[in-house]
Amino acid sequence: DGPDTPSTLFSPFVEDEVIAEPILGGLFPFAAPLLLPSDPDCVADLLDAPGRTYLGSTQLSRLKKALLASDATFKIIVNNTPLSELLFLPYDRWEGYGAERADFVAFLEESFAPGEVLTTDFHTNLAIARPGFTELVVGPIATSTFGSAVLSQLPPELAFLADSIFGLLDLLIDGVNGAGSVLGSDADAFSYAVVEVFEEAGQPRLRATVRGDGDYASGDNDPAKVVDLFSFELP
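Residues numbered from 1 in each chain as written. Predicted model: local features only at pLDDT ≥ 70, side-chain atom pairs only at ≥ 80, totals over all residues. Heavy atoms only, no water.

Brief notes about the packing of aromatic side chains
Heads up, the rule is: The criterion for an aromatic pair is that two Phe, Tyr or Trp rings (for Trp, the six-membered ring) have centres within 6.5 Å, with stacked assigned to planes under 30 degrees apart, edge-to-face to planes over 60 apart and tilted to the rest. Helix numbers and strand numbers start at the N terminus; a helix is a DSSP run of H or I with at least 4 residues, a strand a run of E with at least 2. Burial classes: relative accessible area under 20% of the type maximum marks a residue as buried, over 50% as exposed, and values in between as partly exposed (1.4 Å probe, protein chains only). Ring-over charges, as used throughout, are those where CZ of Arg or NZ of Lys falls within 6 Å of the ring centre and within 35 degrees of the ring normal.
In this structure the tally under the stated criterion is five aromatic pairs. Geometrically, the ring pair formed by Phe 104 and Phe 107 is stacked, given 6.4 Å between the ring centres and 10° between the ring planes. On the criterion of helical spacing, the pair formed by Phe 104 and Phe 107 is a turn pair, its members being three residues apart in helix α5 (residues 98-111). Judged by relative accessible area, which is 13%, Phe 107 ranks as buried. An aromatic cluster is built from Tyr 54, Trp 94, Tyr 97, Phe 104 and Phe 107, whose rings are joined through pairwise contacts. A cation over an aromatic ring shows up here: Arg 52 above the ring of Tyr 97, its NZ or CZ 4.1 Å from the ring centre.

Comments concerning the sheet that holds strand β5 (residues 182-186)
To summarise the sheet geometry, strands pair through backbone hydrogen bonds and adopt either a parallel or an antiparallel arrangement. Basically, it comes down to this: At least two bridges found by DSSP between two strands is the condition for calling them paired. Axis definition: a line fitted to C-alpha atoms, over the contacting stretch in the case of helices. Angles run 0 to 180 degrees between N-to-C directions.
Read from one edge of the open sheet, five strands run β1-β2-β4-β3-β5, paired in mixed fashion. Both outer strands of the open sheet, β1 (75-79) and β5, are each paired with one neighbouring strand and no more. Strand-to-strand twist across the sheet, computed as the mean angle between neighbouring axes with direction ignored, equals 15°.

Regarding the side chain of Asn 125
To keep it simple, the criterion reads: Whenever a nitrogen or oxygen atom comes within 3.5 Å of another N or O atom, the pair is scored as a polar contact, on the condition that within protein one atom can donate a hydrogen and the other can accept it, and that pairs from neighbouring residues in sequence are kept only if both atoms are in side chains. Contact criterion: two residues are considered in contact whenever any of their non-hydrogen atoms come within 4.5 Å of each other.
Assignment of secondary structure puts Asn 125 in strand β3 (residues 125-130). The class for Asn 125 is buried, based on a relative accessible area of 0%. Looking at Asn 125, its side chain comes within polar contact range of the main-chain nitrogen of Gly 139, at 3.3 Å. Beyond its immediate sequence surroundings of up to four residues, Asn 125 is in contact with Val 137, Val 138, Gly 139, Gly 184, Ser 185, Asp 186, Ala 189, Ser 191, Val 210, Leu 229 and Phe 230.

This is the structure in structure tokens:
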């Protein structure tokens, strides 16, 4: 369980509020109540505590050694929860284990490129480019989407704001992870990803394509409506 933050919808990290203000400009006063940080001491003493581990030292060490020993052209980590910063309720994924996450991200930035992290569990479709690796979050295929979860929290008369909210979240995620980091996004589609390795001009490349159908969750089960939502390549 995370710390008691009843007034915080998104993240307990004060840095997110600092990043959000220049991005949102005149809209910031309206978003500020959603971004109020929890007690900074709580973040430092609990979420960022060095002894708070997500993998544990033995498993993290084994993972690093395996990645260093691999001579694969493209290294891929299959990851169950997002490694990138996504702002929304971070307590039960990498963001909630700040010290270990910082150590692992620094390792990936130095030793992993070109690599890809394939991730699930966030019920959205999102590709984020970071120094040294690209993370692709895909899903869901059988439960509610992140988009429908957001819509369920809005009064019916405000449902028209959903697309604006998704766009705002993309801007915030882009700001937190580095400008230009969001390569593709779709918050409200059942989906899957196709990862292909191919050769172009004598050089190996990796392409990831997210495919889905935004109407599938509503019961309109037509395979012909499955389309490419977005795609990106690694050199």
